[in-house]
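# Analysis of the macromolecular model
In case you want the letters, here they are:
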Amino acid sequence: MYRPRGTVTVAAIVLALGGRGTVARADDGGDASSPPPGTVAPAPAPAAPSHDANDDANDDVLDDALATTAAAPDDDPGETILVVDGHAPLLGDRAGSRIDRETLLERQPRSAPDALRWEPGVYVQQTAAAQGSAYLRGRTGQQTLLLFDGVRLNNSLWRQGPNQYFFSIDTRTLAAIDVVRGGASTRFGSDAIGGVLQAVPRDPDPGERRIAPRAELRFGSADHEVGGRVELTGRPWRDAVVLVGAGYRDVSLLESGGPVPGLTSDDPALVPRFAADGRTQLGTGFTEAAWDARLVQRLGRARLTAAYYDYRQLDAPRTDQCPAAFAPATECLIYDEQFHTLGYVALDGDLGRRARAGRVVVSAQQQHERKHRARPQAMAEDAGRDDVTTVGIAASATAELRRPVEADDVAVDLTYGGDAYGDAVDSVAWLRFTDIDYVRYDSRGQYVAGSRYLTGGGFAQGAARWPRLTVRAGGRLGVAAVHAPGDAPSATTAIDRAWLTTAAVLGAAWRATPALELIANLDRSFRAPNLDDLTGRQAAGPGFQFENPALAPEVAHTVELGLRRLGGHSRLEAWAFASRLDDAIIRALRSADDCPASSTQCQASWFRYQLVNDDGALLYGAEAAAEGRWPRLAVRGTISWARGDGPNPQQRPSDPTLPYQARVPLSRVPPLHGTVEATAPWRWGHAAIGARWATAQDRLAPSDLSDPRIPPGGTPGYVVVDLRGGVRLHDQARVGVVVENLFDAAYRYHGSSVNGPGRSALVWMELTP
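So, here's what we can say about the structure.

### A short note on the state of the cysteines
Think of a disulfide as a covalent bridge from one cysteine sulfur atom to another cysteine sulfur atom. Counted under the stated rule, the structure contains one disulfide. Each sulfur of the disulfide joining Cys 322 and Cys 332 lies 1.8 Å from the other. One disulfide, between Cys 322 and Cys 332, carries an S-S torsion of 75° and so falls in the right-handed class. Taken as a pair, Cys 322 in the loop between strand 14 (302-317) and strand 15 (332-349) and Cys 332 in strand 15 lie far apart in primary sequence, 10 residues in all.

### Details of the nonpolar core
Residues Leu 116, Phe 148, Phe 166, Ile 169, Ile 177, Leu 197 and Tyr 344 are the most contacted members of the largest nonpolar core, which totals 30 residues. Those elements giving two or more residues to this core turn out to be strand 2 (122-125), strand 3 (133-136), strand 4 (144-148), strand 6 (174-181), strand 7 (195-201), strand 14 and strand 15. Not counting residues up to four positions away in its chain, the partners in contact with Leu 116 are Ile 99, Val 122, Val 124, Ala 134, Phe 166, Ile 177, Val 179 and Leu 197. Among the nonpolar cores identified, the runner-up in size contains 16 residues, and Leu 157, Tyr 453, Ala 484 and Leu 534 belong to it.

### Structural notes on the sheet that holds strand 6
Across a sheet, strands are paired by hydrogen bonds formed along the backbone, either parallel or antiparallel in direction. One open sheet accounts for five strands, arranged 1-6-7-4-5; its pairing is mixed. Lying at the two open borders of the sheet, with one neighbouring strand each, are strand 1 (95-100) and strand 5 (151-152). Direction of pairing for strand 4 relative to strand 7: parallel, over a ladder of five bridges. Counted as the bridge partner of Leu 146 is Leu 197 from strand 7.

### Some thoughts on the packing of aromatic side chains
Applying the stated rule across the entire model yields 11 aromatic pairs. Residues Tyr 747 and Tyr 749 carry aromatic rings whose centres are separated by 6.2 Å and whose planes lie at 65° to one another, so their mutual orientation is edge-to-face. Of the two residues, Tyr 747 and Tyr 749, neither departs from the other in class, the shared state being buried. Members of the aromatic cluster, each reached through a chain of ring pairs, are Tyr 123, Tyr 718, Tyr 747 and Tyr 749. Positioned above the aromatic ring of Tyr 749 is the side chain of Arg 117, whose terminal nitrogen or guanidinium carbon lies 4.2 Å from the ring centre. Directly above the ring of Phe 339 sits Arg 312, whose terminal nitrogen or CZ lies 4.4 Å from the centroid.

### Observations concerning unusual backbone geometry
For the peptide bond that leads from Cys 322 to Pro 323, omega is -5°, which places it in the cis range. Phi is positive for Asp 239, close to 65°, though the residue is something other than glycine. Mapped onto the fold, Asp 239 is located in the loop between strand 9 (225-234) and strand 10 (240-251). On the accessibility criterion, Asp 239 (15% relative accessible area) is buried. Its identity as a non-glycine residue notwithstanding, Asp 437 has a phi of 55°, on the positive side. Summarising the element assignment, Asp 437 is placed in the loop between strand 18 (411-433) and strand 19 (438-441).

### What about the sheet that holds strand 24 (residues 538-539)?
The strand order 24-25-29-28 describes an open sheet built from four strands, whose pairing is mixed. Each of the sheet's edge strands pairs with one partner strand only, and the pair in question is strand 24 and strand 28 (584-590). Strand direction decides the pairing type here: strand 28 and strand 29 (residues 608-614), joined by seven bridges, are antiparallel. Note that in strand 29 the partner of Ala 584 across the bridge is Asp 614.

### Things to note about a nonpolar patch on the surface
Together, Trp 466, Leu 469, Val 471, Leu 506, Trp 510, Leu 518, Leu 522 and Val 559 give the surface a local cluster of nonpolar side chains, amounting to about 670 Å² of exposed area. Within the fold, Leu 469 resides in strand 21 (residues 469-484).

### A few points about the pairing of strand 14
Relative to strand 14, strand 13 (residues 286-299) is paired through 13 bridges, and the arrangement is antiparallel. From the neighbouring strand, Glu 288 faces strand 14, where its bridge partner is Gln 313. Counting the residues that bridge the hairpin from strand 13 to strand 14 gives two residues, and of these Gly 300 lies at a positive phi of roughly 65°. Pairing geometry for strand 14 and strand 15, over 15 bridges, is antiparallel. If you follow Arg 312 over to strand 15, its bridge partner there is Phe 339.

Calculation rules
Residues numbered from 1 in each chain as written. Predicted model: local features only at pLDDT ≥ 70, side-chain atom pairs only at ≥ 80, totals over all residues. Heavy atoms only, no water. Disulfide = S-S within 2.5 Å. Helix = DSSP H or I, 4+ residues; strand = E, 2+ residues; numbered from the N terminus. Core = buried A, V, L, I, M, F, W, Y, C linked by side-chain atoms within 4.5 Å. Buried < 20%, exposed > 50% of the residue type's maximum accessible area, 1.4 Å probe, protein only. Contact = heavy atoms within 4.5 Å. Pairing = 2+ DSSP bridges. Phe/Tyr/Trp six-rings, centres within 6.5 Å; stacked < 30°, edge-to-face > 60°. Lys NZ or Arg CZ within 6 Å of the ring centre and 35° of its normal. Patch = residues over 30% accessible without salt bridge, like charges linked within 9 Å, V, L, I, M, F, W, Y side chains within 5 Å. Areas by Shrake-Rupley, 256 points an atom, 1.4 Å probe, with all protein chains shown as cover. Salt bridge = Lys/Arg side-chain N within 4 Å of Asp/Glu carboxyl O.

Set out below in structure tokens:
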């Protein structure tokens, strides 16, 4: 049963234009003119890496093998590229940003999704305190792709709406988070319609020592969070480094600033429900544990990485179902177990002009969910377990087809590769009668046990570079295949289907001046329907959703225009985009008569939905980020706007006097929003202030109107101010504090069922003895 339990670094606008460079790391003991953490430093002139014949005899040679230098085509030496633990940003010719390790440490996000709140074009929705889903240019869930060190995390059970799976990445294991905004299926395959998020893990770095310990501790007053992480890095043998770590966190009920404006804390039609104080939110709190191990072995000019990451979350209520709108206060849907396990082996190396930056990674992972809905008044519990095991392989490399001889010659390269991922699903559901302790198993679970899913393909993308102009073009041929057994008692149709999918991109970047670049991109990306679309039956935010085995892939065509300007103390990046989604997979309202015959939960729901394909959904918007840096001050601001609409999925009423809109807003598109930050670094620490704001969102889709997470009339706007600071006590310890929501605003991100924390403090400490 559920039980209650008792610094801003200015992130850089990444100008990854294909040059060679390294991270600008601020030395804590350096002078005050050093750039603050998270900013990008000018790269040195391109130079070939040196390799001494006696390197093998040098005990410190691995440090050179792990140097954070990006192998990229040689462009203008004044260009900049941010490189973290050997990883350059994903797509330097697209809209994007990077959150580095120092920024993560000083901002102290509550989760990996929470770390994205300060990035342009990103908006984070939370259905529960233990969940979080990022919207990239107005799209989320299955329409955004998540990667971990190049390994695809999306699987065939990911839901149509926001999902919680990026939350299962422990930010304390990360060196950076990369954000790519806009379609990217040519390079990364299915689901990359709205963009890509990549978690970049930290590499072992023991420095000069054979073994180096490290610890992080944190306490939060809003939810009585207590947690931390301990780790060891070392050199087990020559040319190898290893990192082993473990973390734990216990989180209780979250105190907010109270109900958002216009609502009351005792309205049974809305979520969340509040405790008697009118501030503490019921249906929050969780426990999590994580452990990991990472080995990096140098093999000549290549490196072999073997890694294992395990995340375990326990007793996490889904806030909008604890209780659901109009439900008795004792009802609650709880994720008893939310586990994610990932292991992989990767080989990275430079095999010559035809295979620069080559990479092969083989992975295996499992996602496990076990949940139950407690209904004490009915003396019953609805429960289920869903498991998906995924094995995958991905490979890529870059070939230099032409090297420039003269200053005005063209350089040509080709990046190519392929990937394949296969899922195996097990799913079971049961009903337990608590008064007699009797369990009745259903004939199928939320999904159909024994289902299989395959996605993969091959791609090639070329680039031709002149001194002031770069042209890029590429394509992908992909495949998706599904097998799902039928189940007669539940009226489930067997599915054996396959789709050939295509993606393409064409882009150009023109260097108008040494400090100004103009970019234009055309992109075709896609998402093939997965097992959740084709076979899933579940309670979603606006109601009960059931399957449609006849769905087709959805395809997005996007045009975007960008501007990047780099000055002496300032940086500016601005983008505008428009995207048309054909065969869009959306929710259509259904009656009780449309429900599967055996699904009593569907028939008993207030609202019922089925996924359908629909044409002509449009999404367009703009985003910008600006930054200024001086020796004693750094400031940054972002602003993002998106608007979307599509054909009304409901049929026109036969009565012409009834109101009807042929086109309606798309669901949960974020409002106009942005951030402002200012950081003052000094020799031994930093002080910062930041503000997040959003206007009201009252453009609601038909499914939003019945969603209790969205207040009647829409989600109110807000302004939230945070204070952050930190100080290094000595070489082996530093402490910091984050004062959240200084003015105790009552606010909620659009589409969320959890209000943001009220005025509170996060206190943290890092120890490196």
